Amino acid sequence: MISLRRQFATLLLVLLAALWLAPRAHAAAGAYEAELPAELSTARDMCALVPCKDVFPGASHFSERKGQPPYVEAYDQASEPRKLLGYVMLSTDITDTPAYSGKPVVTLIGMDTQGRFVGVKVLKHSEPILLLGIPESALLKFNAQYLGKSVADKIEVGQSRPDENVLGLDAISGATVTVIAQNQVMMASGSAVARQVGILAPTVREPARYAETGRRLSWAELVQQGTVQRLRVQPEQVGLDKGPDPFIELWFGDLNHPDIGKSLLGENGWNNLRLQLKEGEHAFFIVRTGGKESFKGSGFVRGGIYDRVQVRQGADSFTFRDLDALNLYGIEAAGAPSYNESVIFIIRSPAFSAAYPWKLSFLGNRVDRATGTRSFTSFDTPYWLPAAMLQGGRPTINEPDAPWVRVWKSRAVEIALFAALLIAVTVVYALREKLTRLSTHKNKWPVNAFKYSFWALSIGWIGFGAMAQPSITQVLTWFHALLFQWTWSLFLSDPFIFLFWIFIIVTVFLFGRGLFCGWMCPFGSLQEGIYKIARAVGLKRFQTQLPQKWHDRLKWVKYAVFFGLLAVSMFSMGLAEKLAEVEPFKTTFLVGVLNRAWPYGLFVAAILGVSIFIERPYCKYICPLGASLAMPSTFRWFGLKRKQDCNSCKACAVGCGAQAIDADGRIDHRECLHCLDCMILYTDTKGCPPLAKERKRREKDGLEITPIGKNGYFIPIHPATVQDQISAKAAKGPDPRMPTTPAHPAHKAGSQGLRWIGLELVDHLWPWSREGWASRRALQIAGFSLALAASVAWVMTALGTLSTGAIIGWWFGWSVYEVLIRLSGKRYVKDGPWWRDQYRRAGVMDMLSYVGFKNLLIGAALFLAIKAVVGLA
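Everything quoted here is computed from the prediction, not taken from an experiment.

**Focus: the pairing of strand E3 (residues 84–90)**
Part 1 of the reasoning: Counting buried positions over the seven residues of E3 gives five, a clear majority of the element.
Part 2 of the reasoning: One ladder, built from four bridges, connects strand E2 (residues 72–75) with E3; its direction is antiparallel. Each bridged residue has a counterpart across the sheet, and for Glu-73 the counterpart in E3 is Tyr-87.
Part 3 of the reasoning: Summarising the sheet, E3 and strand E4 (residues 106–112) pair through five bridges and their orientation is antiparallel. The residue bridging Val-88 from the neighbouring strand is Gly-110, located in E4.

What follows is the structure in structure tokens.
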């Protein structure tokens, strides 16, 4: 016993060491969220701020920024005559294609005068997987594949296809979305500059042919049909305090179309504008109707560039100088808003066509309120003339697929097989009762044949092959997305993880966490496999379990780890991602033990070493992912079967590797890993002591041996109750079929229909009760004040006077209070499907799980409602 405790203490010490050393082990990962110069996006001498020589070897002098989109010329020497060697470009000057993190990878790119890439350097990225799971060197090796290739080549991530003239690039295993996005950045940036300097032919777009009706439109009609659009930036989007007024609000629209131009400027105004435009030139207007920020830019000088706005069409960007701007003296459309800044801009490039979609970009700096760092960003609003206003309608646009779409297409067969596997696991588990009836405690192969096969597939294919190990970082990401901003593309970008989480969410609410954790988790299966192999090779005599009292204490560690990571993520998602190294998944499956610093490898080795002697130690005591899934498992619809005799018979409890069966024979579904051993015993007439006793009695008396009924007892021979088979001791004990003592809320007795729905809503939204008033009156009274304050906080958030962080703090405080007040009065939760009135007494973890999950959904709904109202406003 002393050695066992030492082993577990060693495991915890290794965990602490790994947590302490993890941030230091990758301190050299300098491109992750690196702080770039605030003026990088606007400085004329870009190469004074970034190492242009690193991406253009041999160049000794670089020009100032020129062109649109901007680029820098690279020369062989500073003195005359200088030889032009090529060009250097900053990716974010050209495209803001997001990677897996939702943020672009800021890349410096060198290209010679023939259009060949000569250098690539990542200045900043926000990909956690390249910090914690995959070394940054993998991205450097990926980028090195571009060297020597031409911007004119058709380059794709994947295998080369000579018959289609496609050059393939080797992807980074586990970071497919990142490299697909990076390929789009490289090709879009190189092509945009190559077209400007004549390496590639310029973009040719058919000019717009307008369908004119002669009808004059009001401002409301123009907005409704989309020919006048709004670009609105809120203060919090640029790192300022949230407020009722926008940071800036702009309205803009096309002026070349006769119907739109005449509606906005009037007949004379539009005709005068046409006289000032040359063939192929295009005019549009901008007015500022809100905010104190100028869209012209505070630093604008005559002859300079309007550096706050630009138009983007495809890979082309168009900026404006003072000679491209005309005064807008008024808007004649009925109902037009008042404005305090206005201009008419002229696009003089023949590459622009109003027949094709374009977008207006407002450029600005965003301040990170946590660190104070500034980052350059753009806010875009798309614009495309309605099909009815163009002769022949809108042209067909062949836009490149989004990165996540390309991933799904490129791995369609693997994805289909993975989905089939998840369906097969679900179906097999749904038929578990038939399988367990075919098994006995001496022959478990009808169940284990499937279970062991799924373990092997989860380790070999899912873990080491597809690298689709779910992680607590994904739970944190989903939590933040649910509360703040849901982005489907972010979750669709990794199809295996996306499908895996659909499987996890569905099965957790159907059966509890045990189907994923016990059957399909790659790391959990690896631990279990090691334990089983060690037993088979003769180490069974060294295998043991922690004493139940120690297990009951240590099982709460994983919940503490989960809540700790969740709390940290609210202040710093980056720090939470680093602390999530408490999970050994990345080291085991994504990178490999031998490819990481020694603390990571030692941590994995310690866990797997202890797994030889203790069944699934990480799953039971440390795993924050398991803890996050255990909480909704409180409300699983279908549990494992129990019979009345289970409260006195300890046969199942003794053989439970998860130690999830208590002294009363009740199963804790938050801890159960669904090995199904207890289900096998449930109908085993030789292995289950109550059944074995009844079988022997019938054999002795020469009575018929009837089948086992659904209640776990022999079907009675004569019309009689099954109570004859229940021992006297078990009959007097608690009902082990419920995780806790059954409860019967008196106020819901006999309710149906609308009354039942009303009482359900009251139960969820009104935590106070008569019982609580009698026992904890002061706590009840205090709650009314807290509820009022929380309600006011939500109203203030909707009005824009309270930050997101503050309302989360208020909501968390209310949730803590609600747990306390319900424990003092409404101390019950539902067991099984929500539409059934099957209640049981709630423990502390039951109530934490219920209140936490309920208020998370309510909070997300309120955030969505607030955003919808703000959007409409």
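**Notes on the state of the cysteines**
Part 1 of the reasoning: Within the structure shown, the criterion is met by one disulfide.
Part 2 of the reasoning: Here Cys-47 engages in a disulfide with Cys-52; their sulfurs sit 2.1 Å apart. On the S-S bond that ties Cys-47 to Cys-52, the torsion sits near -85°, and the link is left-handed.
Part 3 of the reasoning: Cys-47 gets classed as buried once you look at its relative accessible area, which sits at 17%.
Part 4 of the reasoning: With a relative accessible area of 2%, Cys-52 lands in the buried category.
Part 5 of the reasoning: A disulfide-free cysteine, Cys-649 has its sulfur positioned 5.7 Å from the sulfur of Cys-688, the nearest such atom.

**Observations regarding the sheet that holds strand E8 (residues 228–233)**
Part 1 of the reasoning: Strand order in the open sheet formed by five strands is E8-E9-E10-E14-E13, and the pairing between neighbours is antiparallel. Each having just a single partner strand, E8 and strand E13 (325–326) make up the two edges of the open sheet.
Part 2 of the reasoning: Sheet analysis places strand E9 (residues 248–254) next to strand E10 (residues 282–290), joined by six bridges and oriented antiparallel. The partner of Asp-254 across the bridge, within E10, is Phe-284.

**Looking at the confidence of the model for the chain**
In low-pLDDT segments, the atomic positions of the prediction should not be examined closely.
Part 1 of the reasoning: Taken over all residues, the pLDDT of the chain has a mean of 86, while the share at 70 or more is 91%.
Part 2 of the reasoning: Contacts for the low-pLDDT stretch residues 7–29, under 50 throughout, to residues beyond four places or in other chains number 29 contacts.
Part 3 of the reasoning: This stretch, residues 299–303, has a pLDDT under 50; its non-local contacts, to residues over four places away or in other chains, come to six contacts.

**Comments concerning the nonpolar core**
Part 1 of the reasoning: One finds Phe-500, Phe-503, Phe-516, Met-520 and Phe-523 to be the most contacted residues of the largest nonpolar core, which totals 83 residues.
Part 2 of the reasoning: A per-element tally of this core places helix H13 (residues 495–511) first, with 10 residues.
Part 3 of the reasoning: With residues near it in sequence (within four places) discarded, Met-520 still touches Leu-421, Leu-422, Val-425, Phe-454, Ser-458, Ile-462, Phe-500, Phe-503, Leu-515 and Ser-525.
Part 4 of the reasoning: Within the second largest apolar cluster, 53 residues are counted, among which are Phe-247, Trp-251, Phe-252 and Ile-286.

**Quick look at the environment of Val-151**
Part 1 of the reasoning: Its location among the elements puts Val-151 in the loop between helix H3 (136–144) and strand E6 (154–157).
Part 2 of the reasoning: Residues Val-151 and Met-111, spaced 40 residues apart in sequence, show a C-alpha to C-alpha distance of 8.5 Å.
Part 3 of the reasoning: With residues up to four places along the chain from it excluded, the contact list for Val-151 reads Met-111, Gly-115, Phe-117, Met-187, Gly-190, Ser-191, Ala-194 and Leu-200.

**Quick notes on the packing of aromatic side chains**
Part 1 of the reasoning: Following the criterion strictly, the structure yields 49 aromatic pairs and no others.
Part 2 of the reasoning: Taking the centre distance of 5.8 Å and the plane angle of 55° together, the rings of Phe-252 and Trp-358 count as tilted. One end of the pair, Phe-252, is in strand E9; the other, Trp-358, is in strand E15 (residues 358–367), and 106 residues separate them in sequence.
Part 3 of the reasoning: Judged by its relative accessible area of 0%, Phe-252 falls in the buried class.
Part 4 of the reasoning: Residue Trp-358 is classed as buried on the basis of its relative accessible area, which comes to 4%.
Part 5 of the reasoning: Ring centres of Trp-408 and Phe-498 lie 6.1 Å apart, and the angle between their planes is 70°; this geometry places the pair in the edge-to-face category. With Trp-408 in helix H7 (residues 403–410) and Phe-498 in helix H13, this residue pair connects regions lying 90 residues apart in the sequence.
Part 6 of the reasoning: Taking relative accessible area as the criterion, Trp-408 reaches 23% and is therefore assigned partly exposed.
Part 7 of the reasoning: Taken together, the ring pairs in this structure connect Phe-252, Phe-284, Tyr-306, Phe-318, Phe-320, Phe-345, Phe-352, Trp-358 and Tyr-383 into an aromatic cluster.

**Some points on unusual backbone geometry**
Part 1 of the reasoning: The phi dihedral of Met-467 is positive, around 55°, even though this residue is not glycine.
Part 2 of the reasoning: Structurally, the position occupied by Met-467 is in the loop between helix H10 (445–465) and helix H11 (472–483).
Part 3 of the reasoning: Since its relative accessible area comes to 18%, Met-467 is described here as buried.
Part 4 of the reasoning: Positive phi values are uncommon outside glycine, yet Arg-616 reaches one of about 50°.
Part 5 of the reasoning: Following the sequence through the fold, Arg-616 ends up in the loop between helix H20 (598–610) and helix H21 (617–621).
Part 6 of the reasoning: Overall, the relative accessible area of 3% leaves Arg-616 in the buried class.

Analysis parameters
Residues numbered from 1 in each chain as written. Predicted model: local features only at pLDDT ≥ 70, side-chain atom pairs only at ≥ 80, totals over all residues. Heavy atoms only, no water. Buried < 20%, exposed > 50% of the residue type's maximum accessible area, 1.4 Å probe, protein only. Helix = DSSP H or I, 4+ residues; strand = E, 2+ residues; numbered from the N terminus. Pairing = 2+ DSSP bridges. Disulfide = S-S within 2.5 Å. pLDDT = per-residue confidence, 0-100. Contact = heavy atoms within 4.5 Å. Core = buried A, V, L, I, M, F, W, Y, C linked by side-chain atoms within 4.5 Å. Phe/Tyr/Trp six-rings, centres within 6.5 Å; stacked < 30°, edge-to-face > 60°.

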